Amino acid sequence: MNMKLNPIKILLLLFISSTFLSCQGQVQTKTKTTKTTTSKIGRSVSQFDQTITSIFQDSRNNYWFGSKGEGLFYFDGNSLTQITTENGLVDNQIRGIQEDKSGNIFIETPNGISKYDGTVFTTLTPIVSSSNKWKLEPNDLWFGYNANDLYRYDGDSLFELKLPRKDLMKAFKIDTLTDPFNTNNPYSVYGVDKDKEGNIWFGTFVAGAFRYDGKSFLWIDEKELSILPGNIAPGVRSIIQDKDGYFWLSNFRSKYLIDTNVFQYKKLKGIEKDKPNYFNSGLSDSEGNLWMTSYGGGVWKYDGQMLHNFKVNNGKEEVLLISIYQDNDGVLWLGTDNDGVYKYNGDTFSKFELKE
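Presented here is a report on the structure given in the accompanying data block. (Residues numbered from 1 in each chain as written. Predicted model: local features only at pLDDT ≥ 70, side-chain atom pairs only at ≥ 80, totals over all residues. Heavy atoms only, no water.)

Digging into the sheet that holds strand β11 (residues 141-143)
- Spatially, three strands are ordered β11-β12-β13 in an open sheet, and the strand pairing comes out antiparallel. At either end of the open sheet lies a strand with only one pairing partner, and these are β11 and β13 (158-161). Sheet twist, expressed as the average angle between the axes of neighbouring strands with direction ignored, equals 25°.
- Bridging between strand β12 (residues 150-153) and β13 involves four bridges; their strand directions are antiparallel. Its bridge partner lying in β13, Y153 is registered against L158. (Pairing = 2+ DSSP bridges. Helix = DSSP H or I, 4+ residues; strand = E, 2+ residues; numbered from the N terminus. Axes fitted to C-alpha atoms, helices over the stretch in contact; angles between N-to-C directions.)

Examining the nonpolar core
- In this structure, F48, W64, F65, L72, I107 and V341 are the most contacted members of the largest nonpolar core, which totals 25 residues.
- Mapped onto this core, the elements with two or more residues apiece are β3 (52-57), β4 (63-67), β5 (72-75), β6 (80-83) and β8 (105-109).
- Those residues in contact with F48, other than ones at most four positions away along the chain, are F65, F73, L80, V341 and F352. (Core = buried A, V, L, I, M, F, W, Y, C linked by side-chain atoms within 4.5 Å. Buried < 20%, exposed > 50% of the residue type's maximum accessible area, 1.4 Å probe, protein only. Contact = heavy atoms within 4.5 Å.)

As for the pattern of salt bridges
- Taken as a whole and judged by the stated rule, the model has four salt bridges.
- Between R152 and D140 there is a salt bridge, and its shortest N-O distance comes to 3.1 Å. Residue R152 is found in strand β12, and its partner D140 is found in the loop between β10 (121-125) and β11; the two are separated by 12 residues along the sequence.
- By sharing partners, the salt bridges in this structure join E222, E224 and K267 into a single network. (Salt bridge = Lys/Arg side-chain N within 4 Å of Asp/Glu carboxyl O.)

A look at the sheet that holds strand β24 (residues 298-302)
- Spatially, β22-β23-β24-β25 is the arrangement adopted by the four strands of the open sheet, whose pairing is antiparallel. A strand with exactly one partner marks an edge of an open sheet, and here the two such strands are β22 (281-284) and β25 (307-310). Within this sheet the neighbouring strands show an average axis-to-axis angle of 20°, counted without direction.

Some words on the packing of aromatic side chains
- Per the stated rule, a full pass over the model turns up 36 aromatic pairs.
- On the basis of an interplanar angle of 80° and a centroid distance of 6.1 Å, the ring pair of F172 and W219 is categorised as edge-to-face. Taken together, the residues span a long stretch of sequence, with F172 in helix α1 (residues 168-172) and W219 in strand β17 (residues 217-220) at a distance of 47 residues.
- Residue F172 is classed as buried on the basis of its relative accessible area of 0%.
- Judged by its relative accessible area of 15%, W219 is buried.
- Ring plane angle 40° and centroid distance 6.5 Å describe the contact between Y187 and F210, whose orientation is recorded as tilted. Separated by 23 residues along the polypeptide, Y187 in the loop between α1 and β14 (189-194) and F210 in strand β16 (residues 209-212) bring together distant segments of the chain. With respect to burial, Y187 and F210 carry one shared label: buried.
- An aromatic cluster of three or more residues is present, and its members are F48, Y63, F65, F73, F75, W333 and F352.
- A cation sits over an aromatic face here: R165 above Y187, 4.1 Å from the ring centre.
- In this structure, K255 packs its charged tip against the face of Y246, placed 4.2 Å from the ring centre. (Phe/Tyr/Trp six-rings, centres within 6.5 Å; stacked < 30°, edge-to-face > 60°. Lys NZ or Arg CZ within 6 Å of the ring centre and 35° of its normal.)

A look at the side chain of S226
- Tracing the backbone through its elements, the reader meets S226 in the loop between β17 and β18 (239-241).
- Within the structure, S226 has its side chain in polar contact with the backbone oxygen of V206 (distance 2.7 Å). (Polar contact = N/O pair within 3.5 Å; in protein donor to acceptor, adjacent residues only side chain to side chain.)

Here is the structure:
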């Protein structure tokens, strides 16, 4: 789960600087949908947009690339197709891409969620209710596309949810509601990840991180996960569980161990290094290695002992990284802010371009 702000003052806030759009509505019994029928989905293009925010490979091995304002790019292994609001997308700014068990593709934008069934796009309208519909089912999809916390899709309905409200002043010794970032919700969800046990984690703007096991919440209320001195707000964008069971919450400095017996967490020292302190996207590969990206610092690989840095440069300038993704074959991809898509060849990351 990105818009530009001053990278010195507000670290890694790539997607959240524009005004969030909230969902309004009455309590309903079923999610409303708006269908857009198209005779042709998208148009053929020869290259990606310079800014690629998200990457996803579906169960049919097709690739989907989300851009910052130019819609989706669909790659079937041979040709590239650009899909925009003209073809039924609710918005051209893409923040995430997922697939459900039936093969439908869900595109997350700041203006809502588009569902693609292979033929048409459908815009989902969330059910807004005073009672949270909190559940944790294996096939649910989760979204955090605007200031109203987050959304859960159960295959039929999209529910708007709110995280538990906490005493942020007491926890962080700062007034998170005195907002220097022009947003109005410190609980805005920046990252959603599931751990190996099936629990779901939510990283927020400045309200720390939450773990939900289907019954109750564990709140990670560490100050390093909120507003830092100098009004730096990294946001908890990516939550990774390593091969030893420790959790890394968008920063290198600390890792967390969850004690499920007493439902508490323990904070431990992470990787001792100078900079960067935070990462904006990360994953654990099939061998248990952690891969993490920093906006202006390249890719970092951590095997549990050694930390290795891969610089990503196009010969003219440093490539600014937004996201990292591992496809169905275990290949790593990068979405960048200024140079399209990069792919790992086993030694380095190089720009991915279509064959002539």
